[in-house]
Amino acid sequence: MEWVIPPPCSPPTAPTCPLEEASLNGSGIQQRRATGPTTWMSMMRRRTPVHELHVMVDEVYMLSVFEESVEYHSVLSLERLPDPQRTHVMWATSKDFGMSGLRFGTLYTENQDVATAVSSLCRYHGLSGLLQYQMAQLLRDRDWINQVYLPENRARLKAAHVYVSGELRALGIPFVSRGAGFFIWVDLRKECEEEALWVIMCASVKYNIRGPALIPRMKTKHRIYYITLFSIVLLGLIATGVFQFWPHSIESSSDWSVQKRSIRDVPVVRLPADSPVPERGDLSCRMHTCFDVYRCGFNPKNKIKVYIYSLKKYVDDAGVPVSSTISQEYNELLTAVSDSDYYTEDITRACLFIPSIDLLNQNALRVKETAQALAQLSRWDRGTNHLLFNMLPGGPPDYNTALDVPRDRALLAGGGFSTWTYRQGYDVSIPVYSPLSAEVELPEKGPGPRRYFLLSSQMALHPEYREELAALQARHGEAALVLDKCTNLSEGIPAARKRCHKHQVFDYPQVLQEATFCVVLRGARLGQAVLSDVLRAGCVPVIIADSYILPFSEVLDWKRASVAVPEEKMSDVYSILQSIPQRQIEEMQRQARWFWEAYFQSIKAIALATLQIINDRIYPYAAISYEDWNDPPSVKWGSVSNPLFLPLIPPQSQGFTAIVLTYDRVESLFRVITEVSKVPSLSKLLVVWNNQNKNPPEDSLWPKIRVPLKVVRTAENKLSNRFFPYDEIETEAVLAIDDDIIMLTSDELQFGYEVWREFPDRLVGYPGRLHLWDHEMNKWKYESEWTNEVSMVLTGAAFYHKYFNYLYTYKMPGDIKNWVDAHMNCEDIAMNFLVANVTGKAVIKVTPRKKFKCPECTAIDGLSLDQTHMVERSECINKFASVFGTMPLKVVEHRADPVLYKDDFPEKLKSFPNIGSL
């Protein structure tokens, strides 16, 4: 039996308190549950040992103490519990945090039996991992709880208590005034028949309900008091709703139009010297602590709504403007936002607010007055949900890495964050815009080796950095070029557009296109505009700036486009860069250029990327993927979507179908059929007879095998016939094999099939080939020599999904299919292009074998022996790359072998013992 005892339970005329009375009556009390914000220590010390009760102390109101003179003492603050095995403490977020809907609570007990019993109930009342994570994040942030939430919560509780108690005093209703809790105990005995009322209130305590006869009829005069109490509660609820949901001010929501962008003819706001100044930026701010996501609400388009404050002219007491004008860059930024899908004219619908106060360059700001202007914004509310843009933070002599203007909780999109000032997951690191992006035409230059291996173009560098760079140039000669400011320019030539080395003058930023790697060093500020110029030139940036937070690093994978070198290893930078493979350098050059095109080339691109990052945080289920942020359009496979994440239809047969394309080599064909038929997973063998001038052999001459063998005669001699989606193919897996590939063993074929089962969207094959970029000819080249890399597997022996037969026959881009049939070459390369373009994935080469054809087949005149074969194969690659508009083939440096292939174990222990040698 559990007794819930409301404190206090000792009126002057009351009987013995239920605990003692129940004990005297012999009731089987097993547990006492104490609730309320008051402490029960004396009760536990005095009564618990005597009655051997289990005391369940519910401290659900422990943080609701709002009176400064009252201090709450938890049971757990005792040095030791009076009876640890019978004392249990509960707490939950339902009252102290107003989160009753989350059903989150804790139980502290030292009794193993109680813990075991409660644990068994958790199976039916468990919390999701997401909720557990969110609650852990909330409770871990003690600074916010102690410094923000609790003081505000206690202030509101106290204000509500003062209001309600004042009304009760005015009505002459006695009550118990306590400095804690969400409720007030009122004494209505004078208003009702005292004896009957007390019986009703204590009936549940005595566990003795005597029937409805004891319920008193309420007199007419008493109804007035209850009506009054109800009216007070109702008015309180209405007032709360009004203050919560009604706009705090009525503002003009007129569009942020061209007419309002001029600093002239705009409203003037005078800032008294004693105007409030926001707090400094709160470094502990995170999206779940300082950002009000509830303002964003549900949006069918999953787009936040952004409001731009109308332009105003702020002046101090002397009439001096806080800012004289709005920069062209900030004007472009606000225009980009107002023209985007994020913008809203209705301030009440806004999730994010952007001031029309230009903060891009701190050098142009009066710090204190600018902060006072921010505090004047109608929805400022300590900067909650406000976004500030700043590219040049700090000022002499220290040049801080974040905006010095006090901004409280506002989000900062900053151009020079360090790890010390960047609030991970809250602020957004943005690039420092380079004005040369709009002033200078710089045609794109393809990837590859360039005149200079390493180049430095920055001016006004620290002398120590300048000495290190000079030493690098002295060691490596013409491969490294260090430029500086020109001192001998003719009058009228802009110094920002020129760089010099000794007496040699170079055009800037054009000279950056002559270098493979370009140094980006920290200057007075961490963020440098030269990073944008370097990316535009397709030069791989070498970032030498410790603790610098790269632009948009929350979503951009900078390892794909840059090299970061610690400042202490600056002298070793040349050797570090030399260790990077040429193929990787070329990929980084392409990625660097694309980063500039997508996110750096204009103020509009910077603004929209910033808003997209914030949007992804608020609507994570609709966030842009890593691939969409980082993959250039050339590798965003849009021609056909990959359908193989789910089976298209259930296969009619398990295993694989072998398709052998043949013309006239009957003897080698029969040998291939005999060898392939030994593979355990073979389901059917299909021979595509491509010779219209000769009939296939008679049925009696064909090898006798254990699986069905079907011969299909084609109407025309085409290489594409091998990839036709024949109705006879009833399996998902297809093995394409030439009629002269007789050296593959059954173990090798079975292993290849099992690898394909793990990767059904890949081409899994045996003969590997590679494509290379020929820098002399400036075109792609086909390579068949043995190398460490592979980008294609020939379909003379390869597994693939039968769906690709359909794509090859009916969805092949351009005229590739006809081109292959006309040239009688490269159908295998075309299939490699198709699969890579659809899936974005590399091929898988299996087993080490590199020779596959029968020795006597070399004496037969075949396609591969033609003198022009290799030249045509290279032309095929260039032709297909032109049609696809990209190079989809992926280069890899691995192959798949059986686990015990090279191990010194008995052959009988190996699953695939007959794996051939090279």
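Report on the accompanying structure. This is a predicted model, so every value here is computed, not measured. (Residues numbered from 1 in each chain as written. Predicted model: local features only at pLDDT ≥ 70, side-chain atom pairs only at ≥ 80, totals over all residues. Heavy atoms only, no water.)

1. Considering empty space enclosed by the protein
One pass over the full model with this rule turns up seven cavities of 30 Å³ or more. Empty space within the largest cavity amounts to approximately 100 Å³. Lining the largest cavity are 12 residues, and of these K312, S323, S356, I357 and D358 lie nearest its centre. In terms of residue class, the lining of the largest cavity is built from seven nonpolar, three polar and two charged. (1 Å grid on protein atoms, 1.4 Å probe; cavity = no way out; pocket = protein on both sides within 12 Å on 5 of 7 lines; lining within 4 Å. Points joined across faces, edges and corners; volume = space filled by probe spheres on them. Nonpolar A, V, L, I, M, F, W, Y, C, P; charged D, E, K, R; others polar.)

2. As for the environment of S310
As for its placement among the helices and strands, S310 is situated in the loop between β9 (306-308) and β10 (313-315). On the basis of relative accessible area, S310 is assigned to the partly exposed category, the value being 28%. Note: C-alpha distance between S310 and P355 (45 residues apart in sequence) is 7.9 Å. (Helix = DSSP H or I, 4+ residues; strand = E, 2+ residues; numbered from the N terminus. Buried < 20%, exposed > 50% of the residue type's maximum accessible area, 1.4 Å probe, protein only.)

3. As for the sheet that holds strand β14 (residues 428-429)
Taking strand neighbours across the sheet as the criterion, the three strands line up as β12-β13-β14 in an open arrangement whose pairing is parallel. Edge positions in the open sheet fall to β12 (387-390) and β14, since each of these has one partner strand only. Pairing of β12 with strand β13 (residues 411-414), which is carried by four bridges, proceeds in the parallel orientation. Bridge assignment links F389 to a residue of β13, and that residue is A413. (Pairing = 2+ DSSP bridges.)

4. Considerations on the sheet that holds strand β29 (residues 792-793)
Strand order in the open sheet formed by three strands is β28-β27-β29, and the pairing between neighbours is antiparallel. Strands at the two margins of the open sheet, each flanked by one partner only, are β28 (779-783) and β29. Pairing between strand β27 (residues 768-774) and β29: two bridges, direction antiparallel. Bridged to G768 within β29 is V793. Along the sheet, helix α24 (residues 869-884) makes contact with β27, β28 and β29, crossing β28 at roughly 135°. (Contact = heavy atoms within 4.5 Å. Axes fitted to C-alpha atoms, helices over the stretch in contact; angles between N-to-C directions.)

5. Observations regarding the packing of helix α23 (residues 827-839) against α24
Remark: α23 packs on α24, axes separated minimally by 10 Å, with the N-to-C direction vectors making an angle of 30°. Like other packed secondary-structure pairs, α23 and α24 cross with a definite hand, here right-handed. Two secondary-structure elements touch here, α23 through D828, I829, A830, F833, L834 and N837 and α24 through R873, C876, I877, F880, A881 and F884. Of the residues belonging to the contact of α23 with α24, the class tally is nine nonpolar, one polar and two charged. (Left-handed = near helix turned anticlockwise from the far one by under 90°.)

6. Notes on the pattern of salt bridges
Applying the stated rule across the entire model yields 33 salt bridges. One salt bridge connects D83 with R86, and the closest N-O pair in it is separated by 3.0 Å. With a relative accessible area of 17%, D83 lands in the buried category. (Salt bridge = Lys/Arg side-chain N within 4 Å of Asp/Glu carboxyl O.)

7. Points about the pairing of strand β22 (residues 656-662)
Of all seven residues that make up β22, seven are buried, and the element is covered over most of its length. Covered by surrounding structure in β22 are F656, A658, V660 and T662 together with T657, I659 and L661, the residues of both alternating faces. Summarising the sheet, β22 and strand β23 (residues 682-689) pair through seven bridges and their orientation is parallel. Residue A658 lies in a different strand from β23, and its bridge partner there is L685. At this point the chain moves from β22, through helix α19 (residues 666-676), to the parallel β23, and the crossover so formed is right-handed. (Right-handed = clockwise from strand over helix to strand, strands pointing away.)

8. Digging into the side chain of T421
Structurally, T421 is set in the loop between β13 and β14. Once residues lying within four places of it in the same chain are set aside, the contact partners of T421 are L283, T401, A402 and D427.

9. With respect to the packing of aromatic side chains
In total, this model carries 34 aromatic pairs according to the counting rule given. Seen in terms of ring centroids, W819 and F880 are 5.9 Å apart; in terms of plane orientation they differ by 80°. Their pairing is edge-to-face. With W819 in helix α22 (residues 816-823) and F880 in helix α24, the pair connects residues that are 61 residues apart, well separated along the chain. For the pair formed by W819 and F880, the shared burial category is buried. What links up through ring pairs into an aromatic cluster is the set F552, W558, W594, F595, Y599, F600 and W629. (Phe/Tyr/Trp six-rings, centres within 6.5 Å; stacked < 30°, edge-to-face > 60°.)

10. Observations concerning unusual backbone geometry
The step from Y508 to P509 runs through a cis peptide bond, and the omega angle for that step is 10°. The topology assignment puts P509 in the loop between β18 (504-507) and β19 (515-521). The residue D408 is not glycine, and still its phi comes out positive at about 55°. Mapped onto the fold, D408 is located in the loop between β12 and β13. Of the residues examined, D408 reaches a relative accessible area of 5% and is grouped as buried. The phi torsion at N778 lies on the positive side, around 60°, for a residue other than glycine. With respect to the helices, strands and loops of the structure, N778 is situated in the loop between β27 and β28.

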